[in-house]
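Residues per chain are reported as follows:
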Protein chains: 2
Amino acid sequence: MPSAKTESGSVHVITSGQLLDQWQGHRGLTRRVIDAFPENDLFNYSIGGMRTFAKLAMEFIGMAVPTLQGAITGEWPSAPLEPPGTKADLLKLWDSTTEEIDRLWPTIPPERFQETDTAFGQFTMPIYGLLLYVIDNEIHHRGQGYVYLRALGFEPPPFYDRP
Amino acid sequence: MPSAKTESGSVHVITSGQLLDQWQGHRGLTRRVIDAFPENDLFNYSIGGMRTFAKLAMEFIGMAVPTLQGAITGEWPSAPLEPPGTKADLLKLWDSTTEEIDRLWPTIPPERFQETDTAFGQFTMPIYGLLLYVIDNEIHHRGQGYVYLRALGFEPPPFYDRP
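Numbering of residues begins from 1 in every chain and follows the order in which that chain's sequence is written. Labels follow written order: the first chain is A, the first ligand is 1, and so on. For a predicted model such as this one, the threshold for reporting local features is a pLDDT of at least 70, and the threshold for listing and counting side-chain atom pairs is 80 or more; totals across whole chains, interfaces and linings nevertheless cover every residue. Note that the side-chain values use all heavy atoms of the structure and ignore hydrogens as well as water.

### Brief notes about the interface of chain B and chain A
- Here, residues are in contact when the closest pair of their heavy atoms is within 4.5 Å. Listed as interface residues are 42 residues of chain B and, on the opposing side, 42 residues of chain A.
- Two parts placed together each lose some accessible area under a 1.4 Å probe, and adding up what both lose gives the buried area. Summed over both sides, the interface of chain B with chain A buries roughly 4200 Å², with 67% coming from carbon and sulfur.
- The salt bridge definition used is simple: a Lys or Arg side-chain nitrogen within 4 Å of an Asp or Glu carboxyl oxygen. Here chain B and chain A share two salt bridges between them.
- Across the pair arginine 162 of chain A and aspartate 136 of chain B runs a salt bridge whose closest N-O atoms are separated by 4.0 Å.
- Contacts described as polar in this section are N or O atom pairs within 3.5 Å, which, within protein, must combine one atom able to donate a hydrogen with one able to accept it, while residues neighboring in sequence count only if both atoms come from side chains. At the surface where chain B touches chain A, the tally comes to 16 residue pairs in polar contact (both at pLDDT 80 or more).
- When contributions to the side of chain B that touches chain A are tallied by element, the ones reaching two or more residues are β1 (12-15), α1 (16-36) and α5 (127-151) of chain B. Secondary structure elements are defined from DSSP: runs of H or I of at least 4 residues count as helices, runs of E of at least 2 residues count as strands, and each element is numbered from the N terminus.

### Things to note about the relation of the copies chain B and chain A
- If you rotate chain B by 180° and push it 0.0 Å along the axis, it lands on chain A with an RMSD of 0.0 Å. Interpreted geometrically, this transformation is the action of a two-fold axis.
- Both copies contact each other with a shared surface, as 100% of the interface residues of chain B are interface residues in chain A too. Superposing the copies works by least squares over the C-alpha atoms of residues that have pLDDT at least 70 in both of them.

### Points about the packing of aromatic side chains
- Classification of ring pairs uses Phe, Tyr and Trp, with its six-membered ring standing for Trp, and accepts pairs whose centres are within 6.5 Å; under 30 degrees between planes counts as stacked, over 60 as edge-to-face, and the remaining range as tilted. Here the structure, examined in full by the defined rule, presents 16 aromatic pairs over all chains.
- Taken together, a centroid distance of 5.3 Å and an interplanar angle of 70° make the contact between tryptophan 76 of chain A and phenylalanine 120 of chain A edge-to-face. Placement of tryptophan 76 of chain A in the loop between α3 (53-73) and α4 (87-104) and of phenylalanine 120 of chain A in the loop between β2 (116-119) and β3 (123-126) is noted, with a sequence separation of 44 residues between them.
- A residue is classified by how much of its surface remains accessible, and tryptophan 76 of chain A, at 15% relative accessible area, is buried.
- Considering the side-chain rings of tryptophan 105 of chain B and phenylalanine 113 of chain B, the 6.0 Å spacing of their centres and the 50° angle between planes classify their relative orientation as tilted. Per-residue accessibility, obtained with a 1.4 Å probe over protein chains only, is compared with the maximum for each type, and a residue is labelled buried under 20%, exposed over 50%, and partly exposed between these values.

### So, the packing of helix α5 (residues 127-151) of chain A against α5 of chain B
- Working convention: axes come from line fits to C-alpha atoms, limited for helices to the stretch in contact. Angles between N-to-C directions cover 0 to 180 degrees. α5 of chain B packs onto α5 of chain A with a crossing angle of 50° between their chain directions and a minimal axis gap of 7 Å. Comparing the axis directions of α5 of chain A and α5 of chain B gives the class oblique. When the axes of α5 of chain A and α5 of chain B are compared, the crossing they make is right-handed. Mapping the contact onto sequence places Asp136, Ile139, His140, Gly143, Gln144, Tyr146 and Val147 of chain A in α5 of chain A and Asp136, Ile139, His140, Gly143, Gln144, Tyr146 and Val147 of chain B in α5 of chain B.
- Residues are grouped as follows: Ala, Val, Leu, Ile, Met, Phe, Trp, Tyr, Cys and Pro are nonpolar; Asp, Glu, Lys and Arg are charged; every other residue, Gly included, is polar. In the contact of α5 of chain A with α5 of chain B, the residues fall into six nonpolar, six polar and two charged. Comment on the angle field: the value is read as roughly parallel under 35 degrees, roughly antiparallel over 145, roughly perpendicular from 65 to 115, and oblique elsewhere. Here a crossing is taken to be left-handed if its near helix is turned anticlockwise relative to the far helix by less than a right angle, and right-handed if that turn runs clockwise.

In structure tokens, the structure reads:
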């Protein structure tokens, strides 16, 4: 058991398994947001010159596994992903990413979470901060997808529903 | 020092002080997003029947301190907040909330983070999950503010910039 009674700010509050659940819960919601878009709007609709939700979803997919690989190995692979042309193929890629995250996450060496590294040659921060960044970036852009759906007249899936 | 070498999922990865910094970093960005809106658009503009960004900001303010009070005491006060009529007053309320968060956070009893409670009579989850919910809800709706700003022709502050 970790000691929780040290100096207030150094109390540990979230475990590795809880952070994984948090991420996958958000990813499950993002999957439902992708699925809520009509095929054509997913790949073509946007507001104010922003990216389509398909492009945003590809960004989430493109960050997930490479970030875990970097967290695990200290090497930061960066291979551009070819975006699929249909919603079905995008969801298939989403689901294989989900499995890969579940497979890789438990292999992150425990001490790595608090180590600082330079991810992809440009982002210098502790690994836990980098993982939060990846999660937060998805929440941020998914919120934009909610506006796209509302503007198109569709009810988005509830934000709090992340089984 | 907590032991980080127990079973993989139970490794503790984020401290209390790091979670506070994460929240206040996001809140600093949200403050800049509020400030990026012209006064009139802050209180009147929205897309697709959604709330104005002033109303969303009031939701963030309304959740912050009451959630901390509940985390600390197990009592969940819920008093409706009167929304201010000007951007200057909204930012003033934002800043006093920032100070109150910094004051209250270190008084959360360490064991509370992993305790389950029912917040405001309706949300049953561990306290750490509730705190993440409050942060995530702000990221989610702030992302919607980015779309409002883009649609209005304004460049939002960069998402990654959270000093």
